[in-house]
Amino acid sequence: NAPPKGKFDHPTPAERVGEGKKDAGSGSGGMVTVHGDMLEGGGQILRNSVAYAALLGVHLTIDQIRKRRSRPGLRAQHLIGIQLAASIKGATLEGDDLNSTQITFKPPETSIEAKDEYLGDCKTAGSVCLLVQTALPVLIFQDKKTCLTLRGGTNAIKAPMVEYMSQILLPFLKKHADIHTEAIIEKRGLYPKGGGKVRLLTNPVTEKIKAFHVLERGDLVNVTGEAVVCGKLPEKLAQAMASAAEKHVRFYLKSSGIDEKGIDIKIVSKKEQHPHSTGAFIILKATTSTGCQLASSSICERGQKAETVGHRAAQQLVVEW
C-alpha cells in the first residue's frame, strides 16, 4: 500500500528521483533527475545530490531548486558549494548562476589528479559549514591529503556554527567512522558581513568508511557552553546569554526530576576582538554517559534581548535530549 501523503501532499522521494538511465561518456553512474521541491524543498537536497553525483560519477539534473523557500533558486552559498564539488572532480556544470532553479552536473569521462589545495569563497556571509556538507564527502575519497580554504560566514543564521563542526561533527566522524579531518578557524565571520576564514584539513579514507552503531543515548553527564560577543558589543551581553541559558537548563532538570548534583553545568562568557564583525551568539553542548554529544546554538539578531538568545539555545538543547 502507498504511504499516506504528508503535510506537503506530494509524491515520495522514490517516486520523484529518476531511475538512472545509462549515458555513455557521462561517467559510470548513469543519469539521474532529482526534483528540488521534495520534502522541505530546501538546499539540503541540492548539497547531498551533488555530493553523491560527484562520488558516483552520475550525470545529474536537479530542477525546482529550493522551490519551497521564500526566495527559490541558488543563493551564493549553494552556488559556490556545487562549483567546488565540480572543481574537485573535474566535472562541468550547466545552469550554475545565482537564482537559477535548475542545474546539470556532468562528471568527467576520465578522472583528474587531486590537488593539494582548494578554495571555496562565498564572498558573502553564506555559511562555510554548509559548503563543507557538499565538499567533505568528496574530499575524503581523494587519494591524498588536502587543504580546503573556506571564506564566508562562520556563525550564520539557519546553519550550523563552525564550533558545531569543529567540536561535534568532526570529532564524531573521527571516533565512530575513522574519518580524520581538522577545522582550523583563522578568522571569524559574522552575519551580515561574513569575511570569515576556515581551513579544512582532510585525510583520505583508505578503503571504506567504518560502519558504526550509536543506539543508546545514555544519561546526561554535563552541559557546557560558550556565549560570545564580538566587536563593539559589551561583554555583559555574553554574560546575560550564558546566565539565561544556564537558568533554563537547571529549570528543566528540576522540573523533569533529574538530580543535577551529578551533572556538571558550565556555560562561560567571553568577548572577542573582531574589527570587521560585530555580533553575539551562544553554543551549548550536552554529553551523555555513552559518549553521545548533542548541541544547540543561537545568534543574537538585531533588536533581540540577550536573555532571549540564551533561553532559545537552552530550549533547543532540551528538545534534543
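Let me begin by describing the structure that accompanies this report. (Residues numbered from 1 in each chain as written. Predicted model: local features only at pLDDT ≥ 70, side-chain atom pairs only at ≥ 80, totals over all residues. Heavy atoms only, no water.)

1. As for the sheet that holds strand 2 (residues 59-63)
The four strands lie next to each other as 1-2-4-3, forming an open sheet whose pairing is mixed. In the strand order of this sheet, the two ends are held by strand 1 (31-35) and strand 3 (92-94), each with one partner. Adjacent strand axes in the sheet meet at a mean angle of 15°, parallel and antiparallel pairs treated alike. Relative to strand 2, helix 2 (residues 43-56) is tilted by about 170°, and along the sheet it contacts strand 1, strand 2 and strand 4 (103-106). (Pairing = 2+ DSSP bridges. Helix = DSSP H or I, 4+ residues; strand = E, 2+ residues; numbered from the N terminus. Axes fitted to C-alpha atoms, helices over the stretch in contact; angles between N-to-C directions. Contact = heavy atoms within 4.5 Å.)

2. Looking at the pattern of salt bridges
As enumerated under the stated definition, the model contains 12 salt bridges in all. Ionic pairing is found between Asp 121 and Lys 123, a salt bridge with its closest N-O pair at 4.0 Å. Residue classification places Lys 123 among the exposed residues on the basis of a relative accessible area of 71%. Residues joined by salt bridges that share partners form a network here, namely Glu 163, Arg 188, Glu 226, Lys 270 and Glu 272. (Salt bridge = Lys/Arg side-chain N within 4 Å of Asp/Glu carboxyl O. Buried < 20%, exposed > 50% of the residue type's maximum accessible area, 1.4 Å probe, protein only.)

3. Overview of the pairing of strand 12 (residues 293-299)
Most of strand 12 is tucked away: five of the seven residues are buried. Two strands pair when backbone bridges link them, and strand 11 (residues 279-288) and strand 12 are joined in this way by seven bridges, in the antiparallel orientation. Bridge assignment links Ala 286 to a residue of strand 12, and that residue is Leu 294. Counting the residues between successive antiparallel strands, the hairpin from strand 11 to strand 12 contains four residues, one of them, Gly 291, with a positive phi of roughly 90°.

4. Describing the side chain of Glu 272
Assignment of secondary structure puts Glu 272 in strand 10 (residues 264-272). A relative accessible area of 14% places Glu 272 in the buried class. A distance of 3.2 Å separates a polar atom in the side chain of Glu 272 from a polar atom in the side chain of Lys 270. Excluding residues within four positions of it along the chain, Glu 272 makes contact with Arg 188, Val 228, Val 229, Cys 230 and Gly 231. (Polar contact = N/O pair within 3.5 Å; in protein donor to acceptor, adjacent residues only side chain to side chain.)

5. Regarding the nonpolar core
Within the largest apolar cluster, 48 residues are counted, with the highest numbers of intra-cluster contacts made by Val 50, Leu 60 and Phe 105. With eight residues, the top contributor of residues to this core is helix 4 (residues 128-139). For Val 50, the residues in contact, after removing those within four places along its chain, are Leu 60, Ile 62, Ile 82, Ala 85, Ile 103, Phe 105 and Thr 134. (Core = buried A, V, L, I, M, F, W, Y, C linked by side-chain atoms within 4.5 Å.)

6. Focus: the sheet that holds strand 10
The four strands are arranged 10-9-11-12 in an open sheet whose pairing can be described as mixed. The strands lining the two open edges of the sheet, one partner per strand, are strand 10 and strand 12. In this sheet, adjacent strand axes meet at a mean angle of 10° when their direction is disregarded. On the sheet, helix 6 (residues 235-255) packs against strand 9 (220-230), strand 10 and strand 11 and is oriented at approximately 165° with respect to strand 10. This element, helix 7 (residues 306-320), spans strand 9, strand 11 and strand 12 of the sheet and lies at about 155° to strand 12.

7. What about the state of the cysteines?
Disulfide: a covalent bond connecting the sulfur atoms of a pair of cysteines. Per the stated rule, a full pass over the model turns up zero disulfides. With no disulfide of its own, Cys 147 lies closest to Cys 129 among cysteine sulfurs, the gap being 16 Å. Here Cys 300 stays free of any disulfide, with the sulfur of Cys 230 as its closest cysteine sulfur at 12 Å. A relative accessible area of 24% means that Cys 300 is categorised as partly exposed. (Disulfide = S-S within 2.5 Å.)

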